[in-house]
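Chains, contacts and geometry: an overview
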Amino acid sequence: MKRLSDEFLMKLAIKEAKKGLGYTSPNPVVGAVLVDPITQEVIARGYHQRYGGPHAEVVAIEKAKGQTQGAILYVTLEPCNHYGKTPPCTQKILSSGIKKVVCGIRDPNPIAKGGLEFLSSKGIEVKTGVLEKEVKILTRFFLSRVLRKRPWVLMKVAASLDGKIAISTGDSKWITGEEARKYTHKLRGMFDAILVGKNTVLKDDPLLTCRLNKGKNPIRIILDTHLSLNLDYKVFKTLNEAQTIVACQEKVPSEKVAIFEKAGVILWKLPLKEGQIDLKALMEKCLEFGINSLMVEGGAKVHGSFLKERLVDEVCYMIGPLIIGDKEGIPAVEGKPLKCLKEAIRLHEVKVKRLGDSYMFHGYTEEGLRLIETPLR
């Protein structure tokens, strides 16, 4: 019988892990597959379903129902070796009779790391670095939290062929087609939080939910420096559907704060930088709140601000089959004038995906690529 490759089996573990996207923060998504070394049969699969719940390795072992003696465990992330919300996965592996553990990447978390060394000291064969880059992409939200102390940021844009996200009146429905919008809702479900500026709420009155894909609704964050919005917008009328946060400056009227908080809106009072919310302070606040990943959906000024601060890691730039032609139309990004083209943000590892009548360009910025490609110690 032809032996299944480590790469093939790790891909199965990655596929399993993706089921937990959006549900595990601040923990990482993790997938595990148990294999019989003789028959090459997949005995059981598991993934980390939610924060505080059993880890992927434990789920797979329990699903195996005692068929683990001599088995090989494939897991995307190094098994934890500490007591947290759950006991150490290394103890479960040791007691199950598994003879070999193959993982994609080591755990960079100083609290949880050391699992492979412990298992090796107990006579279990260990191997790491299988599909390392693919697993790091899978685990990029968690890696960003641990290694950079900030959330991973995706910038999502829906623009016309001539680079506009709305006409001069603010009308933007719809530039991209239905399939592109469904994909956007799928993306939302993968991220912990979604962020827009005040002007997007004023012009579009969006819900910022996953209603077209029926996924988990992300936390909604709105940048409103002077807390000038009122509670008449959809994001504030649907507080039962998703947590909603307004980030504003520290000096806002206490009576306005009381109105929002009484309605159930969470307020983050943050310092300013050049008259706008300090985005690095916002990133720190997100991390405190357990947000590992942030999807920035606009508008133009918000996109420009995140790019200026070098806080964008990944871009999904969707293009609809429209030429707006309105010289006063709203561009996808508003930023400072450049001295030369070398100052522009260039995407790496770009892939193009067709979504109905629209197209999506997906790629990583230098900041995102650096995290994915930097070796883990």
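In the block above lies the structure referred to throughout.
About the cut-offs
Residues numbered from 1 in each chain as written. Predicted model: local features only at pLDDT ≥ 70, side-chain atom pairs only at ≥ 80, totals over all residues. Heavy atoms only, no water. Helix = DSSP H or I, 4+ residues; strand = E, 2+ residues; numbered from the N terminus. Rg over C-alpha atoms; globule rule 2.2 N^0.38 Å. Buried < 20%, exposed > 50% of the residue type's maximum accessible area, 1.4 Å probe, protein only. Contact = heavy atoms within 4.5 Å. Areas by Shrake-Rupley, 256 points an atom, 1.4 Å probe, with all protein chains shown as cover. Lys, Arg positive; Asp, Glu negative; His and termini not counted. Charge placed at Lys NZ, Arg CZ, Asp CG, Glu CD. 1 Å grid on protein atoms, 1.4 Å probe; cavity = no way out; pocket = protein on both sides within 12 Å on 5 of 7 lines; lining within 4 Å. Points joined across faces, edges and corners; volume = space filled by probe spheres on them. Nonpolar A, V, L, I, M, F, W, Y, C, P; charged D, E, K, R; others polar. Pairing = 2+ DSSP bridges. Axes fitted to C-alpha atoms, helices over the stretch in contact; angles between N-to-C directions. Expected span 1.5 Å × (residues − 1). Right-handed = clockwise from strand over helix to strand, strands pointing away. Core = buried A, V, L, I, M, F, W, Y, C linked by side-chain atoms within 4.5 Å.

Let us now look at the overall build of the chain. Of the regular secondary structure elements, the chain holds 13 helices and 18 strands. Relative to the 2.2 N^0.38 estimate, which gives 21 Å for 377 residues, the radius of gyration of the chain is 23 Å and therefore close to what a compact globule would have. Oriented by its inertia axes, the alpha-carbon framework of the chain measures out at about 65 × 45 × 40 Å. Buried residues in the chain amount to 53% of all 377 residues. Put simply, 73% of the contacts in the chain that link residues at least 6 apart link residues at least 24 apart. Carbon together with sulfur atoms contributes 51% to the accessible area of the chain, which is approximately 18100 Å² in total. Charge centroids of the chain, computed over 60 positive and 43 negative side chains, lie 2 Å from each other.

Bringing empty space enclosed by the protein into the picture now. In total, this model carries one cavity of 30 Å³ or more according to the counting rule given. In this model, the largest cavity occupies a volume close to 100 Å³. Around the largest cavity sit 17 residues that line it, and Thr24, Ser25, Asn27, Val29 and Phe141 are the ones nearest its centre. Partitioning the lining of the largest cavity into residue classes produces eight nonpolar, eight polar and one charged.

All right, on to the sheet that holds strand 18 (residues 358-364) then. One open sheet accounts for nine strands, arranged 11-10-9-8-14-6-15-18-17; its pairing is mixed. Pairing within the sheet leaves two strands with one partner each, and these edge strands are strand 11 (266-270) and strand 17 (348-355). In this sheet, adjacent strand axes meet at a mean angle of 20° when their direction is disregarded.

Turning next to helix 1 (residues 6-17). Compared with an ideal rise of 1.5 Å per residue, which puts twelve residues at 16 Å, helix 1 spans 16 Å between its outermost C-alpha atoms and is within 8% of the ideal. Of all the positions in helix 1, only Asp6, Leu9, Met10, Leu12, Ala13, Ile14, Glu16 and Ala17 are classed as buried. Against strand 1 (31-35), strand 2 (42-47), strand 3 (72-77), strand 4 (100-105), strand 5 (125-128) and helix 5 (132-138) lie the buried residues of helix 1.

Across four bridges, strand 4 lies against strand 5 in parallel orientation. Bridge pairing links Lys100 to Glu125 in strand 5. Taken together, strand 4, helix 4 (residues 115-121) and strand 5 form a β-α-β motif whose crossover is right-handed.

What follows covers the nonpolar core. Counting residues in hydrophobic clusters, the biggest one holds 57 residues, and the most contacted among them are Met10, Leu34, Leu73, Tyr74, Ile93 and Val101. A per-element tally of this core places helix 1 first, with six residues. Discounting chain neighbours no more than four positions away, the residues touching Leu73 are Ala32, Val33, Leu34, Glu57, Ile93, Ile98, Lys100, Val101 and Val102. Counting residues in each nonpolar core, the second largest holds 32 residues, with Met155, Leu195, Val302 and Phe306 among its members.

With that settled, the discussion passes to the sheet that holds strand 2. With mixed pairing, five strands are arranged side by side in an open sheet as 2-1-3-4-5. Both edges of this open sheet fall to strand 2 and strand 5, since each of them pairs with a single strand only. Each neighbouring strand pair of the sheet contributes to a mean axis angle of 15°, computed without reference to strand direction. Inspection of the sheet shows strand 1 paired to strand 2 by five bridges, in the antiparallel sense.

Across five bridges, the pairing between strand 10 (residues 244-249) and strand 11 is parallel. Residue pairing in the sheet places Cys248 in a bridge with Lys269 of strand 11. Between the parallel elements strand 10 and strand 11, the chain passes through helix 10 (residues 254-263) in a crossover that is right-handed.

This next bit is on the side chain of His55. Take His55: it is sitting in the loop between strand 2 and helix 2 (56-64). Here His55 falls in the buried class, since its relative accessible area comes to 18%. Residue contacts for His55: discarding those within four places in its chain leaves Asn27, His48, Cys80, Thr86 and Cys89.

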